[in-house]
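Observations on the three-dimensional arrangement
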Amino acid sequence: TQTRYEAENAVCDGTIDSNHAGFSGTGFCNTTNATGSYVEWTVTVPAAGSYTLAFRYANGSTSGRRADVRIGGTATAQLDFPPTGAWTQWSTATTTATLPAGTSRIRVAALTSGGTANLDRLDLSGGGTSTIVDV
Ligand code: GCU
Ligand code: CA
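Fair warning: this is a prediction, and the values are worked out from it, not measured in the lab. (Residues numbered from 1 in each chain as written. Chains lettered and ligands numbered in written order. Predicted model: local features only at pLDDT ≥ 70, side-chain atom pairs only at ≥ 80, totals over all residues.)

1. Some details on the overall build of the protein chain
Our working rule: Secondary structure counts use DSSP, requiring at least four H or I residues in a row for a helix and at least two E residues in a row for a strand, with both numbered from the N terminus. To sort residues by exposure, count the other C-beta atoms lying within 10 Å of each residue's C-beta; 20 or more gives buried, 12 or fewer gives exposed, and values between give partly exposed, all with C-beta atoms placed from the backbone. Here, residue contact means that the backbone-derived C-beta atoms of the two residues sit within 7 Å.
Secondary structure summary: the protein chain contains zero helices and 11 strands in total. Counted from the first residue to the last, the protein chain has its helices and strands arranged as β-β-β-β-β-β-β-β-β-β-β. Taken along the three principal axes of its C-alpha coordinates, the protein chain extends 55 × 25 × 25 Å. Expressed as a percentage of its 135 residues, the buried residues of the protein chain come to 33%. Put simply, of all contacts in the protein chain between residues at least 6 apart along the chain, 73% involve residues at least 24 apart.

In structure tokens:
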């Protein structure tokens, strides 16, 4: 299954804007252009396991907007969020994370003074555990 979490329903350390077309829902989060600025989603999953986190974003600047992915306050990955060519051109940056059953906070926190890319949503998929059966 896949669950869609729009940035306009998350905590946005900046403003929810709608001036650059192509977003889903009613807008996207334009974080403050500063290191540490963030979007934080609260997600709920039924089972502990490995999940795919797909962040839809636009970066109309000419440099990457590198960011930490933090799960419950702990940085577990970094993503580059490279330029997409225009603020109206949206792309997806993906990573995986192990989540516990229940509720987790997932934060994308800027590692550069530009802040994060404009963030449209988080699509969460996967989960559960896999076992190797030796036949
Ligand atoms: C522009 C753009 C914003 C973006 C910002 C930035 O102002 O309109 O949507 O967030 O650049 O550099 O982060
Ligand atoms: Ca911004």
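2. Observations concerning the environment of Tyr57
In this fold, Tyr57 is placed in strand 6 (residues 49–58). On a C-alpha basis, the gap between Tyr57 and Pro83 in space is 9.7 Å, while along the polypeptide they are 26 residues apart.

3. Examining the site of ligand 1
We apply this condition: Working rule for contacts: place C-beta from the backbone, and if it is within 6 Å of a molecule or strand, that residue counts as near it. When residue character is reported, Ala, Val, Leu, Ile, Met, Phe, Trp, Tyr, Cys and Pro are called nonpolar, Asp, Glu, Lys and Arg charged, and the others, Gly included, polar.
Residues in close proximity to ligand 1 include Asp17, His20, Asn30, Asn33, Ser61, Trp87, Gly114, Gly115 and Asn118, which together make up its full environment. Grouping the constituent residues of the shell around ligand 1 by class yields one nonpolar, seven polar and one charged.

4. Comments concerning the nonpolar core
Convention followed: For our purposes the nonpolar core covers buried Ala, Val, Leu, Ile, Met, Phe, Trp, Tyr and Cys residues that link as a set through C-beta atoms within 7 Å.
Within the largest apolar cluster, 29 residues are counted, with the highest numbers of intra-cluster contacts made by Val39, Tyr57, Val108 and Leu119. Where this core is concerned, the elements lending two or more residues are strand 4 (28–31), strand 5 (38–45), strand 6, strand 7 (67–71), strand 9 (91–99), strand 10 (102–110) and strand 11 (118–126). Looking at this core, the element that brings in the most residues is strand 6, giving five residues. For Leu119, the contacting residues outside a window of four places in its chain are Ala7, Phe28, Cys29, Val39, Phe55, Tyr57 and Val108.

5. As for unusual backbone geometry
At Phe81, a position not held by glycine, the phi torsion is positive, near 45°. Here Phe81 lies in the loop between strand 8 (74–79) and strand 9.

6. Some words on the sheet that holds strand 7
Our working rule: For two strands to be treated as a pair, DSSP must find at least two bridges joining them.
The five strands are arranged 2-5-10-7-8 in an open sheet whose pairing can be described as antiparallel. Edge positions in the open sheet fall to strand 2 (11–12) and strand 8, since each of these has one partner strand only.

7. Quick word on the confidence of the model for the protein chain
Formally: The predictor attaches a confidence to each residue, called pLDDT, with possible values from 0 through 100.
For the protein chain, the mean per-residue pLDDT works out to 96, and 98% of the residues sit at or above 70. Here the prediction assigns the complex a pTM of 0.94, and the interface score ipTM is 0.99.

8. Thoughts on the environment of Thr3
With respect to the secondary-structure elements, Thr3 resides in strand 1 (residues 2–6). Considering only alpha carbons, one finds Thr3 and Arg56, 53 residues apart in sequence, at a separation of 13 Å.

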